[in-house]
Amino acid sequence: AQTIHQWPVAEIKAVGSPLSLGCTIKGKSSPNLYWYWQATGGTLQQLFYSITVGQVESVVQLNLSASRPKDDQFILSTEKLLLSHSGFYLCAWSPRDIYAEQFFGPGTRLTVL
Amino acid sequence: QQQVRQSPQSLTVWEGETAILNCSYEDSTFNYFPWYQQFPGEGPALLISIRSVSDKKEDGRFTIFFNKREKKLSLHITDSQPGDSATYFCAASDNVLYFGSGTKLTVEP
């Protein structure tokens, strides 16, 4: 069975500080990986997707970047946090060549002060 | 332009009643429609989905009704339970997945 792990569970960070969030998927070879952002009480907005190691596509510009250093790992980062970055960050995966059937991780709650 | 719309924003039903959650979409090329259930503080979980070639999909107490001509679909939850209280997201896709704004369902005992 596939498992998806996100770290950390929650972060409280200062405006202007750097950020790195991680996601690991186990039990699935060469998945498509996605990052989503969700405001409190809001909808899900796709930020990035990756279909293979080393390749990441940006969907929206939010002063964030993403990387895929390994087949099972997806990293979301920024050098300078903004207040507007607060929210719930979700990693998701889908089987290769099946982009729409996405399964989400437990999420990371980010609070920027 | 919002690709997927959901209504109502919030819904309260009594235990045992049927909850009906509505969804509509803009793009006629969308061909896959999943519904996700999200509890507070958790990631969304895929609940049930339908492809545009079908007009109905049933899984236990959860049923999707799909009207391709009107670009509308609905999720029916029969015999609602307090444990069904959650936010439900409708989504639509050709390849990119677009989410609606969600319906917060409360089931009162």
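Coordinates for the structure precede this section.
Okay, so let's go over this structure. For every chain, the first residue of its written sequence is number 1, and the numbers climb from 1 along that sequence. Chains and ligands are labelled by the order in which they are written, letters from A for the one and numbers from 1 for the other. Where totals are concerned, whole chains, interfaces and linings use all residues; where local detail is concerned, this predicted model gives features only for residues with pLDDT of at least 70, and gives and counts side-chain atom pairs only at 80 or more. Derived side-chain values reflect all non-hydrogen atoms in the structure, with water molecules and hydrogen atoms excluded from consideration.

1. Concerning the interface of chain B and chain A
- For this analysis, residues touch if any pair of their heavy atoms sits within 4.5 Å. Between chain B and chain A, the residue contacts involve 16 residues of the former and 16 residues of the latter.
- Buried surface at the junction of chain B and chain A, summed over both partners, amounts to about 1,300 Å²; 59% is from carbon and sulfur atoms.
- Salt bridges, as used here, are contacts in which a Lys or Arg side-chain nitrogen is within 4 Å of a carboxyl oxygen on Asp or Glu. Scanning the region where chain B abuts chain A turns up zero salt bridges.
- Here a polar contact means two N or O atoms within 3.5 Å. Within protein one must be a hydrogen donor candidate and the other an acceptor candidate, and residues neighboring in sequence count only if both atoms are side-chain atoms. Connecting chain B to chain A are three residue pairs in polar contact (both at pLDDT 80 or more).
- Helix and strand labels come from DSSP, where a helix needs a run of H or I of at least four residues and a strand needs a run of E of at least two; each type is numbered from the N terminus. Those elements that provide at least two residues to the side of chain B that touches chain A are β4 (32–38), β9 (86–93) and β10 (97–99) of chain B. What gets called buried area is simply the loss in accessible area from a 1.4 Å probe that two parts show on being joined, summed for both.

2. Topic: the environment of Asp72 of chain A
Residue and element names in this part refer to chain A.
- Mapped onto the elements of the fold, Asp72 is located in the loop between β7 (65–70) and β8 (73–78).
- Placed 45 residues apart in sequence, Asp72 and Gly27 show a C-alpha to C-alpha distance of 9.0 Å.
- When neighbours within four sequence positions are excluded, Asp72 is seen to be in contact with Cys23, Thr24, Ile25 and Lys26.
- Among the polar contacts listed, one links the side chain of Asp72 to the side chain of Lys26, at a separation of 2.6 Å.

3. Details of the state of the cysteines
- Two cysteine sulfur atoms make up a disulfide if the distance between them is within 2.5 Å. All told, the structure shown has two disulfides over all chains when counted by the stated rule.
- Here Cys23 of chain A pairs with Cys91 of chain A through a disulfide, and the sulfurs are 2.0 Å apart. One disulfide, between Cys23 of chain A and Cys91 of chain A, carries an S-S torsion of -70° and so falls in the left-handed class. Note that Cys23 of chain A is positioned in strand β3 (residues 19–26) and Cys91 of chain A in strand β9 (residues 87–94), a separation of 68 residues in sequence. This pair shows no difference in class: Cys23 of chain A is buried, exactly as Cys91 of chain A is.
- Here Cys23 of chain B pairs with Cys90 of chain B through a disulfide, and the sulfurs are 2.0 Å apart. An S-S torsion of about -70° defines the bridge between Cys23 of chain B and Cys90 of chain B as left-handed. Of this pair, Cys23 of chain B sits in strand β3 (residues 19–25) while Cys90 of chain B is found in strand β9, placing the two residues 67 residues apart along the sequence. Each member of the pair, Cys23 of chain B together with Cys90 of chain B, is buried. A 1.4 Å probe rolled over the protein chains alone gives each residue an accessible area, and that area as a share of the maximum for its type sets the label: buried under 20%, exposed over 50%, partly exposed in between.

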